[in-house]
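Architecture at a glance
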Amino acid sequence: MSLIIENLHATVDGTPILKGLNLEIPAGEVHAIMGPNGSGKSTLSKVVAGHDDYEVTGGRVLLDGVDISELEVDERSRAGIFLAFQYPSEVPGVSNANFLRAARQARLPDGEEIDAVAFYKEMYAKMDELEMDRKFTSRSVNEGFSGGEKKRNEILQMMMLDPRYCLLDETDSGLDIDALKVVAKGVNSMRSEARGFLVITHYQRLLDYIKPDHVHVMADGQIVKSGGAELALELEKSGYDFLKQTA
Amino acid sequence: MTPPSALEAIRAEALAKYESLDWPARNEENWRFGSWKEANLSGLEPVGAGVGIDLPEAIEGAQRFVFHNAELVSGSADSVQLLAHAPELLPQTESRLGSPKLSALHRAQSQHGIVIKTDSGADIEIIHLVSGEGLLTPTVVIIADDGAKVRVLERFISTNDFDATTVLCGADLIAGEGTKVTYLVTQELNANSKLIRLADSRLEALAHAKQAVIHTGAKWVREETYSTVDGMDAKSEILSVAVPTTGQEYDQRTFQHHGARDTYSDLLFKNTLFGKAKTIFSGLIFVDDGAHGTDAYQTCRNLMMTNECEANSMPGLEINADDVKCSHGSTSARVSDEEIFYLQARGIDSKSARNLVAQGFSIEAIEKLEDEQLEALAIEVVARKFAAIE
């Protein structure tokens, strides 16, 4: 069981961003991707989620052996991909609770209705875990939320949707240290043998709280170096200069 | 009670006026972009007796009045007057937004309606069950005095899917000193019907009125909303939520008239256009000479769900006083791709995602009603329309 990204090539407006990227994330593992600005980290997460601004010009993505490269964004989500956004969208007039209900409902077979009582009970328990006030259930999705509240909301959605593979795109950006701990706690509570994580970050700090099994360095649309958790510490200390040396 | 001769005089005068005026025409500013031909009601006879259907769930706590066309079939007239008994309260105001002939016709013909005149409070639900080919001319008059708190819900519902009924209705609101009025109208007519609604309101000092309309039905709507804030610290909120699709045209003209100093008005119209729908919004904020300290806002927002729909907006402002805060604006936008991507990334398919965003757009305005029961009803009416659009 794994998420396999195989020789992935993608362009945006004709400009190549991903240039033959290979990565395997087995279920049960946390992989971190670090890399300088512009290396294609966020693009990778969006391409795997199926964003149609990017054209996939080669390669494929396999989810537990099934090629999801041709699936729509919502189909990939229902198949088990979850993207926690760096900049979550605001959806005015749609309450958080209704949004989550619609997302859960979308996972049920036709004609089957969500059990509203059980749904709310579960949502409240998870909100408590993330130290989110109950008022967020009736507030419009992300509208007027602080940076930290938006990121907690992403993790709440991740917890409610129970995905197979989670892509966290710079989840630590805009978070103070307390919020970071809460978010990390939420992510850690979801770690299991059945689930894989890809954590995209600029800073080693997040990885103090979400301990990765593997760390990869991305540059110019490819993975250029892989190692254990210690690689992140090394990068924090020496930066990405080694990329220039090898170039 | 007005002696018959007085009533006859009102009607005769209105009829003479009606006959002396011309139907709206192409070159009139108040009909710019509008389908002025639709307003020509010549040859239209009043509809006959109406019929009933299963009634929607009642608003808790409200007193309900049900009309089958012009006949009141349920509701006791203890707290209200029937228009037939108080014809002197028929809206006398001439249309100032382009339809004097239609308002004269309404005055000459309106036989039925409700007059809510209170100095304490009232909570009223009026349901017009509409059927038959021809013209129906109902009236609602709300006169609130002495700090009264009034809530009125008025619904227009066709009893079948095919009758082409033309509803020409008048609504008059006088909110006296210190009163609080919430007035919601839902238009749920069938796709062959037309609605012409001429609404006039005047707010006195310290009055606070919220007037809202929800349009989901009818093939053609012409709505003229004239609101005067006429006393210090009067506050007028005007809301409209419309969800038209192919075969539907909604033409709304508004006038926010500030006649006294330190008055407030806020207008928010939200249209969600599907298919080949067409909307026209023309609004004017008019601040009288001497109405200093006016605080007035006007916003029309159009959400374009297709490439074929058409939204026309003509916001306007005329200020004749000093020290005023006024803003007006109109926007037309599509659902943002990033929002759709976000919703899809949670497993919601693209069509449901677009509808969710669009419903949210309407709900944002509905929430300004700040009345849980009315909000729930308005959301239900809008949701039903969304569900019907494929």
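Look above for the structure.
Residues numbered from 1 in each chain as written. Chains lettered and ligands numbered in written order. Predicted model: local features only at pLDDT ≥ 70, side-chain atom pairs only at ≥ 80, totals over all residues. Heavy atoms only, no water.

As for the interface of chain A and chain B
Just so we agree on the cut-off: By the convention used here, residues are in contact when the closest approach between their heavy atoms is within 4.5 Å. When two components associate, each loses some accessible surface as probed by a 1.4 Å sphere; the sum of these losses over both components is called the buried area. Any Lys or Arg side-chain nitrogen located within 4 Å of an Asp or Glu carboxyl oxygen qualifies as a salt bridge. Whenever a nitrogen or oxygen atom comes within 3.5 Å of another N or O atom, the pair is scored as a polar contact, on the condition that within protein one atom can donate a hydrogen and the other can accept it, and that pairs from neighbouring residues in sequence are kept only if both atoms are in side chains. Under the DSSP-based scheme used, a helix requires at least four consecutive residues in state H or I and a strand at least two consecutive residues in state E, with every element numbered from the N terminus.
Facing the 32 residues of chain A at the interface are 18 residues of chain B. Between chain A and chain B lies a buried interface of about 1900 Å² when both sides are counted; carbon and sulfur atoms form 63% of it. With a closest N to O distance of 2.7 Å, Arg346(B) and Glu154(A) form a salt bridge. Where chain A meets chain B, there are 13 residue pairs in polar contact (both at pLDDT 80 or more). Of all elements in the fold, only α1 (41-49), α2 (73-79), β6 (81-84), β7 (91-95), α3 (96-105) and α5 (147-161) of chain A reach the threshold of two or more residues within the side of chain A that touches chain B.

Focus: the pattern of salt bridges
Residues and elements named next belong to chain B. Heads up, the rule is: Throughout this description, buried means an accessible area under 20% of the type-specific maximum (1.4 Å probe, protein chains only), exposed means over 50%, and partly exposed covers the range between.
Counted according to the given criterion, the structure contains 30 salt bridges over all chains. The partner of Arg151 in a salt bridge is Asp371, and the shortest N-O contact between them spans 3.0 Å. Of the two residues, Arg151 sits in strand β8 (residues 149-158) while Asp371 sits in the loop between α4 (350-366) and α5 (372-388), which places them 220 residues apart along the sequence. Overall, Arg151 belongs to the buried group, its relative accessible area being 11%. In this structure, Arg197 engages Glu223 in a salt bridge whose closest nitrogen and oxygen atoms are separated by 3.0 Å. In this pair, Arg197 is assigned in strand β11 (residues 194-203) and Glu223 in strand β13 (residues 220-229), connecting sequence segments 26 residues apart.

Topic: the sheet that holds strand β4 (residues 54-63) of chain A
Residue and element names in this part refer to chain A. Note the threshold: Only when DSSP finds a minimum of two bridges between them are two strands counted as paired.
Overall, antiparallel pairing links the four strands, which are arranged β2-β1-β4-β5 in an open sheet. Of all strands in the sheet, those bounded by a partner on one side alone are β2 (15-26) and β5 (66-67). In the sheet, strand β1 (residues 2-12) pairs with β2 via nine bridges, with the strands oriented antiparallel. In the sheet register, His9 faces β2, and the bridge partner there is Lys19.

Digging into the packing of aromatic side chains
All names here are of chain B. Here is the rule: The rule is short: rings of Phe, Tyr and Trp, with Trp giving its six-membered ring, pair when the centres are within 6.5 Å, and they are stacked under 30 degrees, edge-to-face over 60, tilted in between.
Within the structure shown, the criterion is met by 13 aromatic pairs over all chains. Ring geometry for Phe255 versus Phe286: centroids 5.8 Å apart, planes at 35°, classification tilted. Remark: Phe286 occurs in strand β17 (residues 278-287) and Phe255 occurs in strand β15 (residues 249-258); sequence separation between them is 31 residues. With relative accessibility at 14%, the residue Phe255 sits in the buried group.

Quick word on the packing of α4(B) against α5(B)
Residues and elements named next belong to chain B. For the record, the criterion: A fitted line through C-alpha atoms represents every axis, and for helices the fit uses only the stretch in contact; the resulting angles, taken between N-to-C directions, go from 0 to 180 degrees. When an angle is under 35 degrees it counts as roughly parallel; over 145 it counts as roughly antiparallel; between 65 and 115 it counts as roughly perpendicular; any other value is oblique. Note on convention: near helix rotated counterclockwise from far helix by under a right angle means a left-handed crossing. Clockwise means right-handed. Note on residue categories: nonpolar means Ala, Val, Leu, Ile, Met, Phe, Trp, Tyr, Cys or Pro, charged means Asp, Glu, Lys or Arg, and polar means any other residue, Gly included.
Running from N to C, α4 and α5 point in directions that differ by 150°, and their axes come no closer than 10 Å. What the angle tells us is that α4 and α5 run roughly antiparallel. Seen along the crossing, α4 lies across α5 with a hand that is right-handed. Facing α4, whose interface residues are Asn355, Ala358, Gln359, Ser362, Ile363 and Ile366, α5 presents Glu375, Ala378, Ile379, Val382, Ala383 and Phe386. Residue classes in the contact of α4 with α5 are distributed as eight nonpolar, three polar and one charged.

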